[in-house]
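Understanding the architecture of this molecule
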Amino acid sequence: MILTIPTEPFSDQKPGTSGLRKKVVIFQQAHYAENFIQSVFDVVDGKDDATLVIGGDGRFLNREVIQIAIRMAAANGFGRIVVGQGGILSTPAASHMIRTRGAIGGLVLSASHNPGGPTEDFGIKYNVANGGPAPEKVTEAIYARTTTIDRLLTVEAADIDLDTLGETRIGGMAVEIVDPVTDYAALMETLFDFDVIRAAGLTMAFDAMSAVTGPYATEILENRLGFARGTVRNGIPLPDFGGHHPDPNLVHAHALYETMMGPEAPDFGAASDGDGDRNLIIGRGIFVTPSDSLAMLAANAHLAPGYSQGLKGIARSMPTSAAADRVAGKMGVPMFETPTGWKFFGNLLDAGMATICGEESAGTGSDHVREKDGLWAVLLWLNILAVRQQSVVDIARDHWATYGRNYYARHDYEGVDSDRADALMAELRGKLADLAGTRVGDLVIEAADDFAYTDPTDGSVSRNQGVRILFDGGSRVVFRLSGTGTSGATLRVYLERYEADRIDGDTTAMLADIVAAADMIAGIERHTGRTAPDVVT
């Protein structure tokens, strides 16, 4: 029996670049999660008897919201729900599941790299039939519905056993509990040469950060590729990620960094985040920035079976360094610069215009799914190392010798008062027209703009995507407010310096004049009161 429950709108359910993210206590308000889920269902066309995938990263509240979503899906006419065992599905595995099952879409329950636990973060994202994040027109429609919603649809039913594989029914709807790992691992075996990787005798350390990739990494790295037991650290997903912040950067994965910089370091080190879509790459004695990793993966992708025919194109988010642009130029393939948000890559991938995509925020992926994919990047690196029989350091140095080096860093100022952050960006945008040709220290500004993107697949335009200050010689600074936090504002400042020949410099020293210019241009300390960023990546 379908129950119709009256409700009232919440004013704060506008999705960001990756769905709706709030503190757990916000989601625990009566009808809060239900309102957003019902708004998704009200917007989705063709849901009658359709298949919907549901899964998450195992964080606190994951199981409870899955049970709510299952009952609501039954009331809203879906024919089949596919759920990862234990409520677990990494974001790339969910994307793959949506595509292979012919699902209308999926609910991905995650706040990605944000902390988990009773006082931390939770999130809900809707992915569409291609397996990728909902495009802006869909998220805007969902938000519009949240502002007017007045009723919820659900059914009376007992909780589903999420831990037992198999199929049950709620009314006329089937609920199928599936192994979250097997299909994804099989996909990876079609893309990479597992025999070559096994034969290379590589050693590695992988930090799953007590998050969703633990089961996937254990199955693929230890069981299928034969890496030693214990290669996967923190491999059991925990609701609070073991009290750690599951963001694969040098701050939160510092133990892995120390291992890789030590005298007994293995050949290769990597980590992934809360929901499995980001990656950290560290070789023995060298950290590879996400921007450089994208460029190096693109330059060497042909060494893996899944990409042996070459690339159709490369895409990067605007804040990501231009290192990949130089690879695309040498290859003679198209290069696309998009706004931040994987949904923009999805259109290019669907149209067959790009094969490999990446973001400076540690997300890389390809046309095998429609999400960034942390383990995919790790496996492509392993395939390259095995074929080239070189260290990460040697591969990086060869790359820089060929293409030059884009010294790069991102400075995050977290929890900035939203009004102050908005004032900084407004003042910065107000002076853009007068910046070209001016000098800041020893740097000359070549151009300045507020990045706008016209999607080549559908002609849609996305404006106000971040302020770019471009200097003579290929260096630049980018300012952008992040949409992935749950409190205050995060000011992200992206710093880049290109050197054709000086490839052995210290990144901090090489970027010092860019850092100084960023503060002079935007008044970071004046607006935020901060003398240093909270996180440097």
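See the structure shown above.
Within each chain, residue numbers correspond to sequence positions counted from 1 in written order. Where local features are concerned, this predicted model is filtered to residues with pLDDT of at least 70; where side-chain atom pairs are given and counted, the filter is 80 or more; whole-chain, interface and lining totals use all residues. The side-chain quantities take in all heavy atoms of the structure and omit both hydrogens and water.

Comments concerning the overall build of the protein
From N to C terminus, the protein includes 18 helices and 27 strands. Here the radius of gyration uses the C-alpha set of atoms, whereas the globule reference equals 2.2 Å times the residue count to the power 0.38. The C-alpha atoms of the protein give a radius of gyration of 23 Å, which matches the 24 Å a tight globule of 537 residues would have. Taking the principal axes of its C-alpha atoms as reference, the protein extends roughly 70 × 60 × 40 Å. We call a residue buried when its accessible area falls under 20% of the maximum for its residue type, exposed when it is over 50%, and partly exposed in between, using a 1.4 Å probe and counting protein chains only. Split into buried and exposed, the 537 residues of the protein put 59% on the buried side. Numbering goes from the N terminus for both helices and strands, where a helix is a DSSP run of H or I of at least four residues and a strand is a run of E of at least two.

Brief notes about the sheet that holds strand S6 (residues 121–128)
Strand order in this open sheet of 7 strands is S2-S6-S5-S3-S4-S9-S8, and the pairing throughout is mixed. Here the strands that pair on one side only, and so sit at the sheet edges, are strand S2 (20–23) and strand S8 (166–170). Mean inter-strand twist for the sheet, computed between neighbouring axes without regard to direction, equals 20°. Bridge count for S8 against strand S9 (residues 173–178) is 5 bridges, and the pairing is antiparallel. When the sheet's bridge partners are listed, Arg-169 is paired in S9 with Ala-174. In what follows, a contact means two residues having at least one pair of non-hydrogen atoms within 4.5 Å. As a rule, the C-alpha atoms of each element are fitted with a line to give its axis, helices using only the stretch in contact, and angles between N-to-C directions run from 0 to 180 degrees. Where helix H3 (residues 62–75) meets the sheet, its contacts fall on strand S3 (51–56), strand S4 (80–88), strand S5 (105–109), S6, S8 and S9, and the angle it forms with S4 comes to roughly 170°. In this scheme, strands are said to pair when DSSP sees at least two bridges between them.

Some points on the sheet that holds strand S18 (residues 363–366)
With mixed pairing, 4 strands are arranged side by side in an open sheet as S16-S15-S17-S18. The sheet terminates laterally at strand S16 (335–338) and S18, the two strands that pair on one side only. Here the average twist between neighbouring strands, direction ignored, is 15°. Two elements, strand S15 (residues 314–317) and strand S17 (residues 356–359), share 3 bridges in a ladder whose sense is parallel. Across the sheet, residue Ile-314 finds its bridge partner in S17, namely Ile-356.

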